[in-house]
Amino acid sequence: MRIILLGAPGAGKGTQAQFLMAKFGIPQISTGDMLRAAIKAGTELGQKAKAVMDSGQLVSDELIIGLVKERIAEDDCKAGFLLDGFPRTIPQADAMKENGVAVDSVIEFDVPDEVIVERMAGRRVHAGSGRVYHVVYNPPKEEGKDDETGEELSIRPDDEEATVRKRLGIYHEQTKPLVDYYQAEASSGACSYLTIDGTQPVDEVSALLAKKLG
Ligand code: AP5
Ligand code: ZN
């Protein structure tokens, strides 16, 4: 099963990726998490990406395409994968096609911008695993700590309101065109396309996904 999760920053891609990974036994490929890991490790890639990410802009297509190509060639991706945060420009989607990477399902999470701004203000993350929480909507069992490791949770540097608004602008400009792109792919029978109401509570969104994906 090869799935693309499409949706604005904060729409719930990372949150539902946890559910879908468990359901289908496929790995999550989050380009955002990969870049954050590179920043933490101080690699050349991380150094290139940090300022761009902190300011809410997109990292270059060339760099991201190379990163994903390498990742999906790994053994654990043979039975499928879950793309979270990629593709997010038309050139990235075209690169997938040119490389013969077909997908089974594209899932779009529909959430209005104002809901997103509120969500990001309360987001807490576990940097090591990419697990995501919200202080009100999806709290950890113990305040400020990751459920599985007990390690401290942190706030992403790009979750400041002005940066979130900038990321939303870039989403509408550069990523939203992928909705039409993949709906056209679905009409030609290349994949299925699902739109999910992402404003429902976390468990209800998971239940909707389970129902629609079968
Ligand atoms: P990335 O990490 O991919 O960020 P993003 O796409 O902006 O998405 P987010 O991770 O912010 O949101 P999400 O949809 O995963 O929501 P989440 O589940 O966390 O990318 C970061 C940066 O890296 C980019 O800005 C760019 O610079 C660079 N980058 C990455 N990929 C790139 C690419 N392909 N090309 C170029 N550059 C790239 O949920 C958000 C919050 O809401 C959480 O607190 C969560 O608990 C809560 N929540 C989730 N669902 C619900 C719900 N149903 N109800 C209530 N609260 C909920
Ligand atoms: Zn995410």
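Residues numbered from 1 in each chain as written. Chains lettered and ligands numbered in written order. Predicted model: local features only at pLDDT ≥ 70, side-chain atom pairs only at ≥ 80, totals over all residues.

An unreviewed UniProt entry annotates the protein as Adenylate kinase of Thalassotalea castellviae. Quoted verbatim from the Catalytic activity (unreviewed entry) heading of the UniProt record, the comment on the protein is "AMP + ATP = 2 ADP". According to the UniProt record, the Function (unreviewed entry) comment for the protein reads "Catalyzes the reversible transfer of the terminal phosphate group between ATP and AMP. Plays an important role in cellular energy homeostasis and in adenine nucleotide metabolism." (UniProt positions renumbered as here; feature names shortened; annotations may be inferred.)

Q: I tried to follow the sheet that holds strand S3 (residues 81-84) on my own but got confused; where do I start?
A: Sheet strands line up and pair through hydrogen bonds in the backbone, either parallel or antiparallel. Pairing within the open sheet is parallel, and its five strands lie in the order S2-S3-S1-S4-S7. The outermost strands of the open sheet, each flanked by one partner alone, are strand S2 (28-30) and strand S7 (192-197). Going across the sheet, the axis of each strand differs from the next one's by a mean of 20°, ignoring polarity. Where strand S1 (residues 2-7) lies against S3, four bridges are found, and the strand directions are parallel. Residue pairing in the sheet places Ile3 in a bridge with Leu82 of S3. Here helix H1 (residues 13-24) sits on the sheet and contacts S1, S2, S3 and strand S4 (105-110); the angle it forms with S3, its principal contact strand, is near 175°. (Pairing = 2+ DSSP bridges. Helix = DSSP H or I, 4+ residues; strand = E, 2+ residues; numbered from the N terminus. Axes fitted to C-alpha atoms, helices over the stretch in contact; angles between N-to-C directions. Contact = placed C-beta atoms within 7 Å.)

Q: I'm lost on the site of ligand 1 in this one. Help?
A: Taken together, 37 residues sit near ligand 1, with Pro9, Gly14, Gly32, Gly85 and Arg123 positioned nearest. Considering only residue class, the shell around ligand 1 consists of 15 nonpolar, 16 polar and six charged. (Near = placed C-beta within 6 Å. Nonpolar A, V, L, I, M, F, W, Y, C, P; charged D, E, K, R; others polar.)

Q: Looking at this structure, I do not really get the UniProt feature "binding site: ATP" (unreviewed entry) in the protein. What am I missing?
A: Under the UniProt annotation, the feature "binding site: ATP" (unreviewed entry) is placed at Gly10, Ala11, Gly12, Lys13, Gly14, Thr15, Arg123, Val132, Tyr133 and Gln200. By the element assignment, Gly10 lies in the loop between S1 and H1. By the C-beta count within 10 Å, which is 27 here, Gly10 ends up buried. The residues touching Gly10, leaving out its near neighbours within four places in the chain, are Ile116, Arg119 and Met120. Checked against the element boundaries, Tyr133 lands in strand S6 (residues 132-134). When the 22 C-beta atoms within 10 Å are taken as the criterion, Tyr133 is described as buried. Excluding its chain neighbours within four sequence positions, the residues that come into contact with Tyr133 are Arg124, Asn138, Pro139, Pro140 and Leu153. (Buried ≥ 20, exposed ≤ 12 C-beta atoms within 10 Å, placed from the backbone.)

Q: Looking at this structure, how should I read unusual backbone geometry?
A: Excluding glycine, most residues fall at negative phi; most peptide bonds, likewise, are trans. The step from Phe86 to Pro87 runs through a cis peptide bond, and the omega angle for that step is -10°. Here Pro87 is to be found in the loop between S3 and helix H5 (90-98).

Q: Help me understand the nonpolar core in this model?
A: Ile3, Ile4, Leu5, Ile29, Leu82, Leu83 and Ile107 are the most contacted members of the largest nonpolar core, which totals 34 residues. Sequence-distant contacts of Leu5, defined by excluding residues within four places in its chain, comprise Lys13, Gln16, Ala17, Leu82, Leu83, Asp84 and Ile107. (Core = buried A, V, L, I, M, F, W, Y, C linked by C-beta atoms within 7 Å.)

Q: How should the packing of helix H6 (residues 113-121) against helix H7 (residues 161-175) be read in this particular structure?
A: To describe two helices that pack against each other, one gives the angle between their axes and the distance between the axes. Remark: H6 packs on H7, axes separated minimally by 10 Å, with the N-to-C direction vectors making an angle of 140°. As far as their axial angle goes, H7 and H6 are oblique. In this structure, H6 crosses over H7, and the sense of that crossing is right-handed. Together, Asp113, Ile116, Val117, Met120 and Ala121 of H6 and Glu161, Val164, Arg165 and Leu168 of H7 make up the contact between the two elements. Class assignment for the residues of the contact of H6 with H7 results in six nonpolar, no polar and three charged. (Parallel < 35°, antiparallel > 145°, perpendicular 65-115°, else oblique. Left-handed = near helix turned anticlockwise from the far one by under 90°.)

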